[in-house]
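Fold and geometry: a report
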Amino acid sequence: DAKTTQPPSMDCAEGRAANLPCNHSTISGNEYVYWYRQIHSQGPQYIIHGLKNNETNEMASLIITEDRKSSTLILPHATLRDTAVYYCIVRASRPMSNQGGKLIFGQGTELSVKP
Amino acid sequence: GAVVSQHPSRVICKSGTSVKIECRSLDFQATTMFWYRQFPKQSLMLMATSNEGSKATYEQGVEKDKFLINHASLTLSTLTVTSAHPEDSSFYICSAKAGETQYFGPGTRLLVL
């Protein structure tokens, strides 16, 4: 699975949009981009994933560039509870395999939302 | 989203004893579950892939005889840390696949004295 690069830390003002970048320049055609976050001392929480098109759900929006070499996770109105480590992970889809698609975590981006 | 639970949430044991951690998918069936370990201020490290009805697949460097994994049903996987030592103290997290998405449990904090 392709490797991702994220900034180690970011700050965001409460109420503003948080834009978290991720570089995945070696991504291949069958690999999805997944985003998870981990609040201190908890298990990771699934946020969103996408293949080519931009995606939006109740938590966030995912913008994937046309060449798929990078993406941005957008939290439209960040709150203090969004303070967490955000992980961008590229993973191949292997629907026919029981062992398909292990999630390999990098170091992520530590987002601090400040009042 | 799908819910995954872990039990216990925290455990303290003496060096040399064995500890069993349970991972359950509460509202879905999971043929594949994963076990991770996380040390303080580090990222999650995948230990093994647990497949219902078959042997687990361990990542390189993870001792299969020390970390015993059993996936006897579609909703339960267990990780047993055998002959635990202080260096095994860590945060153990499981995840289960629902479709193409993995959902994580809340984690189990193990402290070996």
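This text follows the structure it describes.
Here is what the cut-offs are and how they apply
Residues numbered from 1 in each chain as written. Chains lettered and ligands numbered in written order. Predicted model: local features only at pLDDT ≥ 70, side-chain atom pairs only at ≥ 80, totals over all residues. Heavy atoms only, no water. Pairing = 2+ DSSP bridges. Helix = DSSP H or I, 4+ residues; strand = E, 2+ residues; numbered from the N terminus. Axes fitted to C-alpha atoms, helices over the stretch in contact; angles between N-to-C directions. Contact = heavy atoms within 4.5 Å. Buried area = accessible area lost by both parts, 1.4 Å probe. Salt bridge = Lys/Arg side-chain N within 4 Å of Asp/Glu carboxyl O. Disulfide = S-S within 2.5 Å. Buried < 20%, exposed > 50% of the residue type's maximum accessible area, 1.4 Å probe, protein only.

A few words now on the sheet that holds strand β1 (residues 9–13) of chain A. Residue and element names in this part refer to chain A. Sheet architecture is open: 5 strands sit in the order β1-β9-β8-β3-β4, paired in mixed fashion. Bordering the open sheet on either side are β1 and β4 (45–50), each of which pairs with just one other strand. Pairwise comparison of adjacent strand axes, ignoring direction, gives a mean angle of 25 degrees for this sheet. Across 5 bridges, the pairing between β1 and strand β9 (residues 109–114) is parallel.

For the rest of this paragraph, the subject is the interface of chain B and chain A. The interface of chain B with chain A comprises 23 residues on the first partner and 24 residues on the second. Roughly 1,800 Å² is buried in total at the junction of chain B and chain A, and carbon and sulfur atoms are behind 46% of that figure. By the criterion of area lost to chain A, the three top residues of chain B are Ser 43, Glu 100 and Phe 104 of chain B, representing 29% of everything that side buries. For the interface between chain B and chain A, the tally reads 2 salt bridges.

With that settled, the discussion passes to the state of the cysteines. Residues and elements named next belong to chain B. Following the criterion strictly, the structure yields 2 disulfides over all chains and no others. Each sulfur in the disulfide pair Cys 23 and Cys 94 lies 2.0 Å from the other. Taking the torsion about the sulfur-sulfur bond, which here is approximately 80 degrees, the covalent link between Cys 23 and Cys 94 counts as right-handed. With Cys 23 in strand β3 (residues 19–25) and Cys 94 in strand β9 (residues 90–98), this pair connects stretches of sequence that are 71 residues apart. For the residue pair Cys 23 and Cys 94, the accessibility class agrees, reading buried in each case.

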